[in-house]
Amino acid sequence: MRRGMSALALWLLTHLAHRNEPLAGDLLEQFRVSRSVLWLWSQLLLAIALGSFRQSRTPAALNLSQLDPVVLEWLVDRKLAPRQVSMGSPGQGVGGLGMMLIGFLLSSVVPDVWYFVMGGIVGGVGLGVTLAYLRRLKPMATDGQIHTGQLKDLFA
Amino acid sequence: MARHLLTDFELMILLATLRVGDAAYGVPIAAEIERTGGRRVVVAAVYTALDRLERNGLVTSAVGEPTPERGGRAKRFFQVTPQGLRAIKETQRALMALWKGVPQLKGGPV
């Protein structure tokens, strides 16, 4: 059992090693010299939890710097490149999926909140679609913020 | 230049890096903190803190040669920069200023 556990831990470490070679080497070195299987597992799982074996800080799909320059230029020309839009998000980096996850977690703790969450999602989607439609008619402010004038237009 | 006060873990890492000297990489730094600080250290947390310190210009790192006892993986050696030394001294000064005039702390270690 102990042999199997250490083999599995070493297999996992070997497969993650290319993402953080020095850390993987340190764990391997210490394990071979003096540490237990339990120590290796705890260090390995904590390293994964801390994100030490993540390939990149930026998700590949969002990392525009890794795109081909021609593709990037095409995206910019087509105005498809991401823009910063501040709509009072509770935390930096909390996007649509993050908000849905927060909604799900809230609903699992207080089931009655679900109605408010659903109302918020429907309202948010509705507002987003309307703003996108308005933006086709009238260009958005250059700083990417939604201004009161645009909201007035919306409800006029 | 803005003052950079270190957290307790950052301070321990920088001091351990200085104590270990030229051969300061993850294993001896973690071992030094465990030996002198009497606390269990997560090696990944050491690297996370060292990455942050490097981004702030308090340490520099260089990758060494791969060695067989590490499965052919290289070591990453760390060195404290002059800015890092300044941060250690500033943190020490701030802690000493807090220490002074606390009656419960007079008379040496408990």
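For clarity, every value in this text was computed on a predicted model and none was experimentally measured.

S.K.: Teacher, can you tell me more about the nonpolar core here?
M.R.: Generally speaking, soluble globular proteins have nonpolar side chains that are buried together. Ranked by size, the top nonpolar core spans 41 residues in total, and within it I13 and I29 of chain B carry the most contacts. Breaking this core down by element, the ones donating at least two residues are α1 (2-16), α2 (21-33) and α3 (37-49) of chain A together with α1 (8-20), α2 (26-37), α3 (43-55), β2 (73-80) and α4 (82-99) of chain B. Counting residues per element, this core draws most heavily on α3 of chain B, which supplies seven residues. Apart from residues no more than four positions distant in its own chain, I13 of chain B is found in contact with I29, I33, V46, A49, L50 and L53 of chain B.

S.K.: Honestly, the confidence of the model for chain A in this entry has me stumped. Any pointers?
M.R.: Should the pLDDT be low somewhere, the predicted coordinates at that spot are not to be read in detail. Residue and element names in this part refer to chain A. Per-residue pLDDT for chain A averages 68, and the proportion of residues at 70 or more is 46%. When mean pLDDT is taken per element in chain A, α2 scores highest with 87 and helix α7 (residues 148-155) scores lowest with 51. Contacts for the low-pLDDT stretch residues 57-63, under 50 throughout, to residues beyond four places or in other chains number two contacts.

S.K.: Looking at this structure, how should I read the packing of aromatic side chains?
M.R.: For any two aromatic rings, the description comes down to two numbers: the centre-to-centre distance and the angle of the planes. All names here are of chain B. One pass over the structure, following the stated rule, counts two aromatic pairs over all chains. Centre to centre, the rings of Y47 and F78 are 6.1 Å apart; their planes meet at 65°, and the pair counts as edge-to-face. Taken as a pair, Y47 in helix α3 and F78 in strand β2 lie far apart in primary sequence, 31 residues in all. Note on accessibility: Y47 and F78 belong to one class, buried.

S.K.: What should I look at first to understand the pattern of salt bridges in this one?
M.R.: Should their charged atoms come close, side chains of opposite charge can pair. The full count for this structure, using the stated rule, is nine salt bridges over all chains. Notably, a salt bridge pairs D26 of chain A with R70 of chain B, separated by 2.6 Å at the nearest N-O pair. Pair noted here: D26 of chain A is in helix α2 and R70 of chain B is in the loop between β1 (59-67) and β2, and the two residues belong to different chains. The exposure class of D26 of chain A is buried, given its relative accessible area of 0%. With its nearest N and O atoms 3.1 Å apart, the salt bridge here joins E32 of chain B to R35 of chain B. One end of the pair, E32 of chain B, and the other, R35 of chain B, are both in helix α2, three residues apart, so they sit about a helical turn from each other. We classify E32 of chain B as buried; its relative accessible area is 11%. Look at R35 of chain B and you get exposed, because its relative accessible area is 58%.

The rules we used
- Along each chain, residue indices are assigned from 1 in the same order as the chain's sequence is written.
- Chain A is the first chain written and ligand 1 is the first ligand written, with later ones labelled in order.
- Confidence filtering applies because this is a predicted model: local features only for residues at pLDDT of at least 70, side-chain atom pairs given and counted only at 80 or more, and all residues used for totals across whole chains, interfaces and linings.
- Hydrogens and water are ignored here; the side-chain numbers use all heavy atoms of the structure.
- Here, nonpolar core means buried Ala, Val, Leu, Ile, Met, Phe, Trp, Tyr and Cys residues that are tied together by side-chain atoms lying within 4.5 Å of each other.
- The cut-offs for exposure are 20% and 50% of the maximum accessible area for each residue type, with area from a 1.4 Å probe on protein chains only; residues under the lower value are buried, those over the upper are exposed, and the others partly exposed.
- Put simply, DSSP marks the helices as runs of H or I at least four residues long and the strands as runs of E at least two long, and each gets a number from the N terminus on.
- A contact between two residues is defined here by any heavy atoms of the two lying within 4.5 Å.
- The predictor attaches a confidence to each residue, called pLDDT, with possible values from 0 through 100.
- Put simply, two rings from Phe, Tyr or Trp (the six-membered ring, in Trp's case) pair if the centres are within 6.5 Å, and we call them stacked under 30 degrees between planes, edge-to-face over 60, tilted for the rest.
- Salt bridge, as used here, is a side-chain nitrogen of Lys or Arg placed within 4 Å of a carboxyl oxygen of Asp or Glu.

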